[in-house]
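Below, each chain spelled out in residue letters.
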Amino acid sequence: MIINDEHIKELEDEAIYVMREVAAQFEKKVILFSGGKDSIVLVHLAKKAFWPAKMPFSLMHIDTGHNFEETLKFRDDLAAELGVELIVRLVQDSIDQGKVIEETGINAIRNKAQSVTLLDAIEELKIDVAVGGGRRDEEKARAKERFFSHRNEFGQWDPKNQRPELWNIFNGHKNFGEHFRVFPISNWTELDVWQYIMLEKIKLPELYYTHRRKIFQRNGVYLAWAPFMLLKPSEKVFETDVRCRTIGDITCTGVTLSKADSLEEIVTEIAATRVTERGGRYDDKRSEAAMEDRKKEGYF
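Rules used throughout
- Residues numbered from 1 in each chain as written.
- Predicted model: local features only at pLDDT ≥ 70, side-chain atom pairs only at ≥ 80, totals over all residues.
- Heavy atoms only, no water.
- Domains from an automatic or database assignment.
- Contact = heavy atoms within 4.5 Å.
- Buried area = accessible area lost by both parts, 1.4 Å probe.
- Salt bridge = Lys/Arg side-chain N within 4 Å of Asp/Glu carboxyl O.
- Helix = DSSP H or I, 4+ residues; strand = E, 2+ residues; numbered from the N terminus.
- Expected span 1.5 Å × (residues − 1).
- Buried < 20%, exposed > 50% of the residue type's maximum accessible area, 1.4 Å probe, protein only.
- Phe/Tyr/Trp six-rings, centres within 6.5 Å; stacked < 30°, edge-to-face > 60°.
- Lys NZ or Arg CZ within 6 Å of the ring centre and 35° of its normal.
- Pairing = 2+ DSSP bridges.

Let's talk about the domain arrangement of the protein chain
Interfaces are frequently sized by the accessible area removed from exposure as the parts join.
Thought 1: Domain parsing of the protein chain yields domain 1 (5-192 + 288-297) and domain 2 (204-283).
Thought 2: On the side of domain 2, 28 residues touch domain 1, which itself brings 29 residues to the contact.
Thought 3: Across the interface of domain 1 and domain 2, roughly 2400 Å² is buried in total on both sides, 59% from carbon and sulfur atoms.
Thought 4: When residues of domain 1 are sorted by the area they lose upon contact with domain 2, His66, Phe68 and Ile106 head the list and together hold 29% of the total.
Thought 5: For the pair domain 1 and domain 2, the interface holds 2 salt bridges.
Thought 6: Notably, a salt bridge pairs Glu190 with Arg245, separated by 2.6 Å at the nearest N-O pair.

Let's talk about helix H2 (residues 37-50)
Thought 1: Along its 14 residues, H2 runs 20 Å from first to last C-alpha, staying within 8% of the 20 Å computed at 1.5 Å per residue.
Thought 2: Taking burial as the measure, the 14 residues of H2 include 12 buried ones, the bulk of the element.
Thought 3: All buried positions along H2 are accounted for by Lys37, Asp38, Ser39, Ile40, Val41, Leu42, Val43, His44, Leu45, Ala46, Ala49 and Phe50.
Thought 4: For H2, the elements touching its buried residues are helix H1 (5-25), strand S1 (29-32), strand S2 (58-63), helix H3 (69-82), strand S4 (129-131) and helix H6 (190-200).

Some remarks on the packing of aromatic side chains
Thought 1: In total, this model carries 10 aromatic pairs according to the counting rule given.
Thought 2: Each ring, one from Phe26 and one from Phe180, has its centre 5.5 Å from the other, and the planes form 50°; the classification is tilted. On the criterion of sequence distance, the pair formed by Phe26 in the loop between H1 and S1 and Phe180 in strand S6 (residues 179-182) is long-range, its members being 154 residues apart. Both residues of the pair, Phe26 and Phe180, belong to the buried class.
Thought 3: Joined through ring pairs, the aromatic side chains of Tyr17, Phe26, Phe147, Phe148, Phe170 and Phe180 make up one cluster.
Thought 4: Here Arg136 stacks its cationic end above the ring of Phe147, 5.0 Å away from the centre of that ring.

Thoughts on the pairing of S1
Thought 1: Residues Lys29 and Ile31 line one face of S1 and the alternating positions Val30 and Leu32 line the opposite face, and both faces are buried.
Thought 2: The sheet contact formed by S1 and S4 spans 3 bridges and is parallel. Residue Ile31 lies in a different strand from S4, and its bridge partner there is Val131.
Thought 3: Looking at chain direction, S1 and S2 are connected through 3 bridges and run parallel.

So, the pairing of strand S7 (residues 211-218)
Thought 1: Sheet topology note: the S7/strand S9 (residues 238-244) ladder contains 5 bridges and is antiparallel. Paired with Ile215 across the bridge in S9 is Phe238.
Thought 2: With antiparallel pairing between neighbouring strands as the criterion, S7 and strand S8 (residues 221-224) make up a hairpin whose turn holds 2 residues, including Asn219 at a positive phi of roughly 50°.

Digging into the environment of Leu230
Thought 1: Structurally, Leu230 can be placed in the loop between S8 and S9.
Thought 2: Taking relative accessible area as the criterion, Leu230 reaches 48% and is therefore assigned partly exposed.
Thought 3: Remark: the alpha-carbon pair of Leu230 and Gly105, spanning 125 residues in sequence, is separated by 7.4 Å.
Thought 4: Once you skip the residues sitting within four places of it in the chain, Leu230 turns out to touch Gly105, Ile106, Arg218 and Glu235.

Description of the pattern of salt bridges
Thought 1: Enumeration over the complete set of coordinates arrives at 19 salt bridges.
Thought 2: Note that Glu235 is salt-bridged to Arg218, the shortest N-O span being 2.7 Å. Of the two residues, Glu235 sits in the loop between S8 and S9 while Arg218 sits in strand S7, which places them 17 residues apart along the sequence. Summarising the burial analysis for this pair, Glu235 and Arg218 share the class buried.
Thought 3: Shared partners join several salt bridges into a network, and the residues in it are Lys37, Asp38, Arg135 and Asp137.

So this is what it looks like as structure tokens:
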């Protein structure tokens, strides 16, 4: 596959410019780190933006308690390698404190509960800005997002009242108690991300490459199986070769039937697919506005 290096370099330059704007305008800064490829690319960009100095960001992970073990190990190893602060907050703590009621039943997930845990952490640590790996091609709610996304004192997002960003001028002014989410790779596509990973030789969790895993099918989506997941009588667990296109909570992370075990094969596979990346995210199938509703409440 031929990669347009100039296009990828322009995207990198734009993202690095945004990273440096964040560093210049805000004091308490974190990268929202899930262990997924987009957040890993953010960390790589931050390293390049401030090299040879250490990047001025902590890593923050909101742990649902239902994450892949491979993701957690990768998170810990990366933070140790970089020598940066790793902030972990647990959704289970929010449940134990009675701040959220855990969903029950076969379709129960903890994604919605993450919003409460995240907003509590932002308030507790007085975080000015949280940098995320959202891209406009992922989902229609994210297509409405600006690079600098203002959040009010309740952590909420108003898609109809966003600040203009003409000529790459970013307004980070905020009142007491407010904060920003910033998305440096907003203009990237999934294919751009994978091509960048291949060009830069960025290390990823093995989940992104083909591997044997126990899975089952639900409403047209293949889901990784874990012992805590409830199954319908008609759902059967079987083992086959799969890989992840996007990584999150096990209960809603769809997997792809795939034999791609190299970056070159993954890039070729993504270039040919007609299924969107989030087409395999089970939580997005709850309603047409599932993502936008969560974002308004303070989700990533």
